[in-house]
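Geometric and topological summary
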Amino acid sequence: MSLSETAALVSGAFDSVPIIDIGRVSTPDERIALAHQIREACMNVGFFYIRNHSIPQETIDKVFSAMKAYFSLPLETKMKLYHKEVGNFRGYEPEMDSNADPTNRGDLHEGFEISGEELVPKENDEMRANDGAMAGANVWPSEPAEFREACLNYYHAALGVGRALLPLFALALNLPETYFDDKTRNSAAGMRVLHYPPQTGPEDDGIVGVGAHSDLECFTILWQEPNIQALQLLNSEKRWIVAPAIPGTLVVNIGDQLARWTNDIFRSTVHRVINRTGVHRHSIPFFFGTDYHVQVEPMPSCVSPERPPKYEPVLAGDYVHQRLQDVYYRNATLS
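Residues numbered from 1 in each chain as written. Predicted model: local features only at pLDDT ≥ 70, side-chain atom pairs only at ≥ 80, totals over all residues. Heavy atoms only, no water.

**Thoughts on unusual backbone geometry**
Along the chain, Glu 143 connects to Pro 144 via a cis peptide bond; the corresponding omega equals -5°. Residues other than glycine seldom take positive phi values, yet Asn 52 does so here, at roughly 55°.

Here it is in structure tokens:
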């Protein structure tokens, strides 16, 4: 059965999120078996957990400690690196500065965003040489002193997880394992460290941690603070399904860029964050994308006479830039 035929049978009425152990990938048979699990998750849910992801707990602990220290600083200190003044979506984002769902009043979280950068700076760093519309250097706060190192160590560890997933995604799409190699030489990955204060207002006040939205890159690798429930996914029956924070796992979800690339064979699922736990929550979404100069158009294995291309070709960087403009400028209320 072709991918298009299989996709036509998918209902999307999921009520849970699968957990996939990605630790066994040494043989072709193991990789194919994993790819089948990933294909089913991406077509039915658009989300899955991964175990044995290879990011050391020490790396997670250090970035968690650094981000908590940063967010505890006075607002005027953090606003020195306000992303709308720094430019191109790097730096600090205060509470209510974004609005993912334009039917809401705003998103109740604060964050700090970075993109790719070597831990030891290079004089002629090619990592971001072809970013086009998304070009721009990171900015870093002077305190806490360990913030840059902790963030970049986690960034590169998560980048490694993303690279390990690429051949599995390719196999899941009936493509050679190396299909994405020349399209992700300098993967355009962004990362945000986020702090969600408890929501204390009425449930109908139009303010949530992050409003209903789909992510815009190829896929997201999410670390959630353990034992604090806030992430919810919308299934095809318009029911919100809880995605609990499971210790020892990361959450992976398909973004709109990969959904476009796969002609919607892979599902980019709408999700939101509602933090009514009474405690502060932290998370780290890592947005893995193709190189920004790559043209994204439906893959041959995802197109058929019954499923013609749904999307026009678009440069990855132009697409991401426009989507971010919508979230931070067009939809934001700042009220």
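**Description of helix 3 (residues 57-71)**
The end-to-end C-alpha distance of helix 3, which contains 15 residues, comes to 21 Å, matching closely the 21 Å that a straight helix rising 1.5 Å per residue would cover. Regarding helix 3, the residues found buried are Thr 59, Ile 60, Val 63, Phe 64, Ala 66, Met 67, Tyr 70 and Phe 71. (Helix = DSSP H or I, 4+ residues; strand = E, 2+ residues; numbered from the N terminus. Expected span 1.5 Å × (residues − 1). Buried < 20%, exposed > 50% of the residue type's maximum accessible area, 1.4 Å probe, protein only.)

**Section: empty space enclosed by the protein**
Any space left empty among the atoms is revealed by the rolling of a water-sized probe across them. Within the structure shown, the criterion is met by two cavities of 30 Å³ or more. Approximately 30 Å³ is the volume found for the second largest cavity. Around the second largest cavity, the lining residues are Leu 166, Phe 169, Phe 180, Cys 218, Phe 219 and Leu 258. Classifying every residue of the lining of the second largest cavity gives six nonpolar, no polar and no charged. (1 Å grid on protein atoms, 1.4 Å probe; cavity = no way out; pocket = protein on both sides within 12 Å on 5 of 7 lines; lining within 4 Å. Points joined across faces, edges and corners; volume = space filled by probe spheres on them. Nonpolar A, V, L, I, M, F, W, Y, C, P; charged D, E, K, R; others polar.)

**So, the sheet that holds strand 14 (residues 281-288)**
Pairing between sheet strands relies on hydrogen bonds along the backbone, with the strands arranged either parallel or antiparallel. A sheet is described by the order of its strands in space; here eight strands give the open sequence 1-2-12-9-14-6-5-3, paired in mixed fashion. The open sheet has two free edges, formed respectively by strand 1 (19-21) and strand 3 (91-93), since each of these has just one partner strand. Neighbour-to-neighbour, the strand axes of the sheet open up by a mean angle of 25°, direction not taken into account. Sheet topology places strand 9 (residues 219-224) next to strand 12 (residues 250-254); four bridges connect them, and they run antiparallel. From the neighbouring strand, Thr 220 faces strand 12, where its bridge partner is Asn 253. (Pairing = 2+ DSSP bridges. Axes fitted to C-alpha atoms, helices over the stretch in contact; angles between N-to-C directions.)

**Observations concerning the packing of aromatic side chains**
As enumerated under the stated definition, the model contains 15 aromatic pairs in all. Where Tyr 70 meets Phe 112, the ring centres are 5.4 Å apart and the plane angle is 80°; that geometry is what we call edge-to-face. Taken together, the residues Tyr 70 in helix 3 and Phe 112 in strand 5 (residues 110-114) connect sequence positions 42 residues apart. Given the relative accessible area of 2%, Tyr 70 is considered buried. Plain terms: the ring middles of Phe 169 and Phe 219 are 5.0 Å apart, the flat faces sit at 45° to each other, and that makes the pair tilted. With Phe 169 in helix 6 (residues 147-172) and Phe 219 in strand 9, this pair connects stretches of sequence that are 50 residues apart. Accessibility classification places Phe 169 together with Phe 219 in one group, the buried group. What links up through ring pairs into an aromatic cluster is the set Tyr 70, Phe 71, Tyr 92, Phe 112, Trp 140 and Phe 147. In this structure, Lys 68 is placed above the aromatic ring of Phe 64, and the distance from its NZ or CZ to the ring centre is 4.2 Å. Above the ring of Tyr 179, the side-chain terminus of Lys 183 is found at 4.1 Å from the ring centroid. (Phe/Tyr/Trp six-rings, centres within 6.5 Å; stacked < 30°, edge-to-face > 60°. Lys NZ or Arg CZ within 6 Å of the ring centre and 35° of its normal.)

**Brief notes about the side chain of Asn 235**
Tracing the backbone shows Asn 235 in the loop between strand 10 (231-234) and strand 11 (240-242). In terms of polar contacts, Asn 235 uses its side chain to reach the backbone amide nitrogen of Arg 239, at 3.0 Å. (Polar contact = N/O pair within 3.5 Å; in protein donor to acceptor, adjacent residues only side chain to side chain.)

**Comments concerning the pattern of salt bridges**
By the definition in use, this model includes twelve salt bridges. Here Arg 24 ties to Glu 30 by a salt bridge, and the two come within 3.2 Å at their closest N and O atoms. We classify Arg 24 as exposed; its relative accessible area is 60%. On the basis of relative accessibility, which here comes to 19%, the residue Glu 30 falls in the buried class. Note that Lys 310 is salt-bridged to Asp 264, the shortest N-O span being 3.6 Å. Of the two residues, Lys 310 is situated in the loop between strand 15 (295-296) and strand 16 (314-315) and Asp 264 in the loop between helix 7 (256-261) and strand 13 (271-273); the sequence distance between them amounts to 46 residues. (Salt bridge = Lys/Arg side-chain N within 4 Å of Asp/Glu carboxyl O.)

**What about the side chain of Thr 59?**
Among the secondary structure elements, Thr 59 is positioned in helix 3. Residue Thr 59 is classed as buried on the basis of its relative accessible area, which comes to 16%. If we ignore the near neighbours within four places in the chain, the residues touching Thr 59 are Asn 153 and Tyr 154. (Contact = heavy atoms within 4.5 Å.)

**So, the environment of Leu 258**
Tracing the backbone through its elements, the reader meets Leu 258 in helix 7. By relative accessible area, Leu 258 is classed as buried at 2%. Taking the C-alpha atoms as reference, Leu 258 lies 8.4 Å from Gly 289; in sequence the two are 31 residues apart. Excluding its chain neighbours within four sequence positions, the residues that come into contact with Leu 258 are Glu 217, Cys 218, Phe 266 and Met 299.

**A word on the pairing of strand 2 (residues 47-51)**
Across the five residues that make up strand 2, a large majority, four, are buried. As paired strands, strand 1 and strand 2 are joined by three bridges and run parallel to one another. Within strand 2, the residue paired with Ile 19 across the bridge is Tyr 49. Crossover strand 1 to strand 2 through helix 2 (residues 28-44) is right-handed. For strand 2 and strand 12, the ladder comprises four bridges, and the chain directions are antiparallel. (Right-handed = clockwise from strand over helix to strand, strands pointing away.)

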